[in-house]
Amino acid sequence: QVQLVESGGGLVQAGGSLRLSCAASGRTFSTYAMGWFRQAPGKEREFVAAISRNGGSTTYADSVKGRFTISRDNAKNTVYLQMNSLKPEDTAVYYCAAGGPATMFPYAYDYWGQGTQVTVSS
């Protein structure tokens, strides 16, 4: 069982930056690929980024490529999402997820956090 807790969300102006963190419980964090997803009001949950178990491989949605960076620290049981050049369309609840492999498909992930709100004002 893995519990995930996101933090770092908030209100930011367009063009600004935020860094989201997702802290995982348990000693098996390094055995899971990790992903970030987001869900805007009235829309389906969508893939943002994913990272492999050892951090050696990452993948991004086209909409965030070049602006967002996913990383992980297995010693701290934490995955991060650095978000730069934020746009109003990035406004959503952001969720981290643990599972495998590092994929864009939500069904591949076994555990989900409760989400953190990111709001980007224009």
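Residues numbered from 1 in each chain as written. Predicted model: local features only at pLDDT ≥ 70, side-chain atom pairs only at ≥ 80, totals over all residues. Heavy atoms only, no water.

Here we take up the packing of aromatic side chains. One pass over the full model with this rule turns up 6 aromatic pairs. Look at Y32 and Y111: their rings are 5.8 Å apart centre to centre, the planes differ by 90°, and that puts the pair in the edge-to-face class. Of this pair, Y32 sits in the loop between β3 (18–24) and β4 (33–39) while Y111 sits in strand β10 (residues 109–112), and the two are 79 residues apart along the sequence. In this pair, the class of Y32 matches that of Y111, namely buried. Ring centres of Y109 and W112 lie 6.2 Å apart, and the angle between their planes is 65°; this geometry places the pair in the edge-to-face category. (Phe/Tyr/Trp six-rings, centres within 6.5 Å; stacked < 30°, edge-to-face > 60°. Helix = DSSP H or I, 4+ residues; strand = E, 2+ residues; numbered from the N terminus. Buried < 20%, exposed > 50% of the residue type's maximum accessible area, 1.4 Å probe, protein only.)

Another aspect to go through is the pairing of strand β5 (residues 46–51). Counting buried positions over the 6 residues of β5 gives 5, a clear majority of the element. Examined bridge by bridge, β4 and β5 share 5 bridges and lie antiparallel to one another. From the neighbouring strand, M34 faces β5, where its bridge partner is I51. As consecutive antiparallel partners, β4 and β5 are separated by 6 residues, and within that stretch G42 has a phi angle of approximately 80°, a positive value. By the bridge criterion, 3 bridges tie β5 to strand β6 (residues 58–60) in an arrangement that is antiparallel. Of the residues in β6, the one forming a bridge with A50 is T59. (Pairing = 2+ DSSP bridges.)

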